[in-house]
Every structure is written in structure tokens, then in C-alpha cells.
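Analysis of the macromolecular model
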Amino acid sequence: QAKSRGRATYEFFVPSLAESAYADLVIESELGTGLDEGEFLLFYQPQIDAASGKLVGAEALLRWRHPQRGLLTPEAFIAVAERHRLMLPLSDWVLAEAARQARRWHDAGLPPLRIAVNLSSMQFRLDSFACTVAGVLGESGARGDWLELELTERMLIDDIDHAPATLAELRAQGLTISVDDFGTGHTSLAHLTQLPLDKLKIDQGFVAKLPDDAGAMAITRAITEMARGLGLKVSAEGLRTREQWRLLADWGCDELQGELIADPMPAAEFEAWARTWSPRQA
Ligand code: C2E
Ligand code: MG
Ligand code: MG
Ligand code: MG
């Protein structure tokens, strides 16, 4: 009986390992082809001023129009891309495309917009990153203050020796630096005063629980007040209700993003949306 149990374990374990390694390999090779074939695109989700409702920016969110599997969101491929270092060329493409889009919308006469780009840790860790950004601005003709860079707490902490200098160089080029998913990571309060940052972006996990969850209410309000005390802007994502909008605006949150305003959209759709959005208040 011990023998048959052993065999069952063996049969279960080996194929599943092989399958996941194989799945990784398939995605890895498809990612490379996808990048060459132009299968990646950016969706844009509006960001508005919490007090006036005016459109102030957009977050660029990566999508993959996969020839067989349809439109994929990052959760389907980002982890694999990171394991296989394809994340670097992909991330460079995202940054360059966001800068080109900022330029196109500027030329098309859209109101001034800041496009927020999610960085990958690989990309941010490179010593050359601030130079890469300067190159991207030069090539696209976009201005530094048309772009915002979103970093996670983890990226800041893992690179705490180099982060302050890199961030300072980026800010000197006019870019806005924001901390994504704030409240879920391991930044100490000391880090917040030491790093040259512009904005904290409250994680949507907290926003989703407003107003019913007393803990989320307290934390969201405290983050907002702390940010303002530190001279940082604060934004919230995952906005779903008008009541959440009212609360966040009352507490002094600067900017909002979420399905109440609009879902992420392809560039052309975003442009049409932006032209018809009429600022409103909570
Ligand atoms: P994130 O940066 O925190 O982005 C916010 C995510 O929440 C996006 O999902 C957005 O579509 C979604 N979201 C925002 N508001 C709402 C809402 O009200 N309701 C719902 N249901 N969802 C909302 P998405 O596009 O799937 O992106 C997931 C994550 O993938 C991002 O989280 C970011 O960490 C990563 N990501 C996206 N694009 C890129 C990229 O270009 N480069 C890198 N390195 N990571 C990216
Ligand atoms: Mg983000
Ligand atoms: Mg986030
Ligand atoms: Mg997130």
C-alpha cells in the first residue's frame, strides 16, 4: 500500500511540474513574438481632480491582444515576463508608448494630461533608468511633466540605496513620482520623509471597503492626512460609488480613479471620452 501511495504521488507531482514549466516556456516565447508583432497596447483609465471633477490624467495599463487567447490583462503574463527578463524590453516599450501618446494628445489639443506609467522593478533598478527616461522624452517630444511614474513600496525598499538619487534625477526632469498601492507594503514612515516623492496612491483594497468598514475608514483618512502633512499629494483608485467620492474629497484626497468615472479604455476611446467628460462634483 505504501508503494501505491508513492506511485500516486509521483504521478501527480511530475506532470504538474512539467506542465507549469512548459506553460512558462510557451508564454515566454509568445511574449517575444508578441512584442515584435505589436500585439501589446496600452489602455488608459481617467484620473480626475477630486474637488472639481476635472480630468487631470490617465493611468496607462498594459494589455496584450493575443492572437489565440484574446485580450489579456497583466495578471495573465506579467509574472512570467518578470521571471524571464522579457519584462525589460516590454517595460521600455510601455514607457516609450506612453510618452508618444502624451505627445499625440497634446498635439490633438486635449486639455493638459499627465500619463501615469507603472514601472517594473527591473526597469527602475537599472543605473541607466533616469537616462532612459531622458532619451524617451527626447525621442517622443513629450515634456517631463506630462508623465508620472508609479512605483510600489517594494520597489522603493528593495532599492533603497539608489532610489533617492534616481528619484531626484527623475523629478529634476519634471516627472511626478507616486507610490502605488500605498498601505499594502513595507515602507516605514521614515522612508516617506527621506525619499523624494510627490504622491501616495491609496490601494483600492481600502477604497473598496468605504464606508462600511470602520478600519478602512480610519486607515484611508489617516493616510490622507499624513500625506498632506508631509506635503505629498494623495490619490485613490478603485472608486465605485459617489459616497466614496464624497468621503475622499472631504478628507482632502486630491485625485480619484475608478469605474465610477470610467474603466480603462483604448487610446482612441479615451480621447473621445475626454472630449465629452463634463466635470462634476460628488
Ligand atoms: P495597479 O497599478 O494598481 O492598477 C490598477 C488596477 O486596478 C488596474 O487593473 C485597473 O484596471 C484596476 N482598477 C482601477 N479602478 C478599478 C475599479 O474601480 N474597479 C475594478 N474592478 N478595477 C479597477 P489592471 O489593468 O488589470 O492592472 C493590474 C496591475 O498590473 C496594475 O495594478 C499594475 O500593478 C500592473 N500593470 C498594469 N500595467 C502595467 C505596466 O505597463 N507595467 C507594469 N510593470 N505593470 C503593469
Ligand atoms: Mg498603478
Ligand atoms: Mg494600484
Ligand atoms: Mg495593484
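The paragraphs below set out a description of the structure included in this document. A quick note: this is a predicted structure, and the numbers were derived from the prediction, not measured.

**Some points on the overall build of the protein chain**
Each helix and strand counted, the protein chain has 12 helices and 10 strands in total. In terms of C-alpha radius of gyration, the protein chain reaches 21 Å, essentially the compact-globule figure of 19 Å for 282 residues. Evaluated residue by residue, the protein chain yields a buried proportion of 46% over its 282 residues. Within the protein chain, contacts between residues separated by at least 24 positions form 69% of all contacts whose residues are at least 6 apart in sequence. Carbon and sulfur atoms make up 53% of the accessible area of the protein chain, which totals about 13900 Å². Side chains of the protein chain carry 28 positive and 41 negative charges; the gap between the two charge centres is 3 Å.

**Side note on the coordination of the magnesium ion (ligand 3)**
Binding of the magnesium ion (ligand 3) to the protein goes through Asp-180 (OD), Asp-181 (OD) and Glu-237 (OE), at separations of 1.8 to 2.3 Å. On the primary sequence, the residues serving as donors to the magnesium ion (ligand 3) are separated as D-D-x55-E. The magnesium ion (ligand 2) is placed at 4.0 Å from the magnesium ion (ligand 3), the two being bridged by Asp-180. Of this pair, Asp-181 sits in strand 6 (residues 176-182) while Glu-237 sits in strand 8 (residues 233-237), and the two are 56 residues apart along the sequence. Glu-237 gets classed as buried once you look at its relative accessible area, which sits at 8%.

**Overview of the environment of Trp-105**
In this structure, Trp-105 sits in helix 3 (residues 87-107). Relative accessible area serves as the criterion here: at 3%, Trp-105 is assigned to the buried category. Sequence separation between Trp-105 and Ala-208 is 103 residues, and the spatial gap between their C-alpha atoms is 31 Å. In contact with Trp-105, other than residues within four places in its own chain, are Tyr-44, Leu-110, Leu-113, Ile-115, Ala-267, Phe-270 and Glu-271.

**A closer look at the packing of helix 10 (residues 214-229) against helix 11 (residues 242-251)**
Where helix 10 contacts helix 11, the two axes come as close as 9 Å, and the packing angle between them is 35°. Crossing handedness for the pair helix 10 and helix 11: right-handed. Residues Met-217, Thr-220, Arg-221, Thr-224 and Arg-228 of helix 10 pack against Leu-247, Leu-248 and Trp-251 of helix 11. For the contact of helix 10 with helix 11, the class distribution of residues is 4 nonpolar, 2 polar and 2 charged.

**Considerations on the site of ligand 1**
Not every one of the 24 residues close to ligand 1 is listed here, only the nearest: Arg-63, Asn-118, Asp-180, Gln-204 and Glu-259. Here Gln-204 contributes a side-chain N or O atom positioned 2.6 Å from an oxygen atom of ligand 1. The contact in question runs from an oxygen atom of ligand 1 to an N or O atom on the side chain of Glu-237, over 3.2 Å. If you map ligand 1 onto the pockets, it falls in the largest pocket. Every element with two or more residues in the shell around ligand 1 is listed here: strand 2 (55-66), helix 3 and strand 6.

**A few points about helix 12 (residues 267-276)**
Considered for burial, the residues of helix 12 that qualify are Ala-267, Phe-270, Trp-273 and Ala-274. Buried positions in helix 12, seen along its axis, are confined to an arc of 120° and lie on one side of it. Residues Ala-268 and Thr-276 are exposed on helix 12 and point more than 90 degrees away from its buried face. On its buried face, helix 12 is in contact with strand 1 (40-49), strand 2, helix 3 and strand 10 (265-266).

**Overview of the coordination of the magnesium ion (ligand 2)**
The expected angle between donors at a tetrahedral four-coordinate metal is 109.5 degrees. At an octahedral six-coordinate metal it is 90 or 180 degrees. Protein coordination of the magnesium ion (ligand 2) is provided by Glu-59 (OE), Asn-118 (OD1), Glu-150 (OE) and Asp-180 (OD), with donor distances spanning 2.0 to 2.2 Å. Binding-site remark: the magnesium ion (ligand 2) is held by donors from one chain whose sequence spacing is E-x58-N-x31-E-x29-D.

**Regarding the packing of aromatic side chains**
One pass over the full model with this rule turns up 9 aromatic pairs. On the numbers, 4.8 Å between centres and 35° between planes, the contact of Trp-105 with Phe-270 is tilted. Within this pair, whereas Trp-105 is found in helix 3, its partner Phe-270 is found in helix 12, the two being separated by 165 residues in sequence. By relative accessible area, which is 0% here, Phe-270 ends up buried. Taken together, a centroid distance of 6.3 Å and an interplanar angle of 70° make the contact between Phe-124 and Phe-129 edge-to-face. Judged by its relative accessible area of 2%, Phe-129 falls in the buried class.

**Observations regarding the side chain of Arg-114**
Here Arg-114 lies in strand 4 (residues 114-118). Here Arg-114 falls in the buried class, since its relative accessible area comes to 17%. Within the structure, the side chain of Arg-114 is placed 2.6 Å from the side chain of Glu-148, a separation counted as a polar contact. Here Arg-114 is in contact with Gln-47, Val-56, Gly-57, Ala-58, Asp-145, Trp-146, Leu-147, Glu-148, Thr-176, Lys-199 and Glu-255, once residues within four sequence places are set aside.

Parameters and conventions
- Residues numbered from 1 in each chain as written.
- Chains lettered and ligands numbered in written order.
- Predicted model: local features only at pLDDT ≥ 70, side-chain atom pairs only at ≥ 80, totals over all residues.
- Heavy atoms only, no water.
- Helix = DSSP H or I, 4+ residues; strand = E, 2+ residues; numbered from the N terminus.
- Rg over C-alpha atoms; globule rule 2.2 N^0.38 Å.
- Buried < 20%, exposed > 50% of the residue type's maximum accessible area, 1.4 Å probe, protein only.
- Contact = heavy atoms within 4.5 Å.
- Areas by Shrake-Rupley, 256 points an atom, 1.4 Å probe, with all protein chains shown as cover.
- Lys, Arg positive; Asp, Glu negative; His and termini not counted.
- Charge placed at Lys NZ, Arg CZ, Asp CG, Glu CD.
- Donors = N, O, S within 2.8 Å, 3.2 Å for Na, K, Ca; no water.
- Axes fitted to C-alpha atoms, helices over the stretch in contact; angles between N-to-C directions.
- Left-handed = near helix turned anticlockwise from the far one by under 90°.
- Nonpolar A, V, L, I, M, F, W, Y, C, P; charged D, E, K, R; others polar.
- Near = heavy atom within 4 Å.
- Polar contact = N/O pair within 3.5 Å; in protein donor to acceptor, adjacent residues only side chain to side chain.
- 1 Å grid on protein atoms, 1.4 Å probe; cavity = no way out; pocket = protein on both sides within 12 Å on 5 of 7 lines; lining within 4 Å.
- Sits in = over half its atoms within 2 Å of the grid points.
- Arc of directions from axis to C-beta.
- Phe/Tyr/Trp six-rings, centres within 6.5 Å; stacked < 30°, edge-to-face > 60°.

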